[in-house]
Amino acid sequence: DQVIPAGPDPKVHNREPIYPDEAVRRGEQGLVILLIQVSPDGLPDLVDIARSSGFTRLDRAARDAVVTWRFVPAVRDGQPVPSSMSLRIQFLLD
């Protein structure tokens, strides 16, 4: 039973998370790791914060963007299946 994992749909322009203005002013940066439940139709059923950046603003910005994304669903035996995947989103100031 080989499963091809889910991933962001490269044919869709998934909006990058918006760096919150307040976070920029405060110099907040960090890595958010999201756990995403992807439905067989490529929609994020659930987006949880698996690892916080340490800043609620950044965590929320990452989650708010990804809940709007489209995904290529996981496939088992030629059929799309529900699955979960993790996604890393890095917030870095120049």
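Everything below is about the structure printed above this text.
S.K.: I keep staring at the nonpolar core and nothing clicks. Help me out?
M.R.: Generally speaking, nonpolar side chains in soluble globular proteins are found buried as a group. Core analysis: the biggest nonpolar cluster contains 21 residues, and Leu 34, Ile 36, Val 66 and Phe 91 have the highest contact counts within it. Listed by contribution, the elements that provide at least two residues to this core are strand S3 (30-38), helix H2 (56-66) and strand S8 (83-91). Here this core takes five residues from H2, the largest share from any one element. If we skip the residues at most four places from it in the chain, Val 66 touches Leu 34, Ile 36, Pro 44, Val 47, Phe 71, Leu 87 and Ile 89.

S.K.: Before we go on, may I ask you to explain the packing of aromatic side chains in this structure?
M.R.: Here a ring pair, both rings aromatic, is described through the centre-centre distance and the interplanar angle of the planes. Summed over the entire model, instances satisfying the criterion amount to two aromatic pairs. For the ring pair Tyr 19 and Phe 91, a centre distance of 5.2 Å and an interplane angle of 80 degrees mean the geometry is edge-to-face. Placement of Tyr 19 in the loop between strand S2 (7-8) and helix H1 (21-26) and of Phe 91 in strand S8 is noted, with a sequence separation of 72 residues between them. There is no split in this pair, since Tyr 19 and Phe 91 are both buried. Measuring from ring centre to ring centre gives 6.2 Å for Trp 69 and Phe 71, while their planes differ by 40 degrees; the resulting arrangement is tilted. The same class applies to Trp 69 and to Phe 71, which are both buried.

S.K.: Would you explain the sheet that holds S3 in this entry?
M.R.: Neighbouring strands of a sheet are bound in pairs by backbone hydrogen bonds; such pairs are parallel or else antiparallel. Pairing is antiparallel across the open sheet formed by three strands, whose spatial order is S4-S3-S8. The sheet terminates laterally at strand S4 (44-51) and S8, the two strands that pair on one side only. Adjacent strand axes in the sheet meet at a mean angle of 25 degrees when their direction is disregarded. Relative to S8, S3 runs antiparallel, the two being bridged by nine bridges. In the strand pairing of S8, Val 32 is matched with Ile 89. H2 rests against S3, S4 and S8 of the sheet, and its axis sits at about 35 degrees to S3.

Criteria and cut-off values
Residues numbered from 1 in each chain as written. Predicted model: local features only at pLDDT ≥ 70, side-chain atom pairs only at ≥ 80, totals over all residues. Heavy atoms only, no water. Core = buried A, V, L, I, M, F, W, Y, C linked by side-chain atoms within 4.5 Å. Buried < 20%, exposed > 50% of the residue type's maximum accessible area, 1.4 Å probe, protein only. Helix = DSSP H or I, 4+ residues; strand = E, 2+ residues; numbered from the N terminus. Contact = heavy atoms within 4.5 Å. Phe/Tyr/Trp six-rings, centres within 6.5 Å; stacked < 30°, edge-to-face > 60°. Pairing = 2+ DSSP bridges. Axes fitted to C-alpha atoms, helices over the stretch in contact; angles between N-to-C directions.

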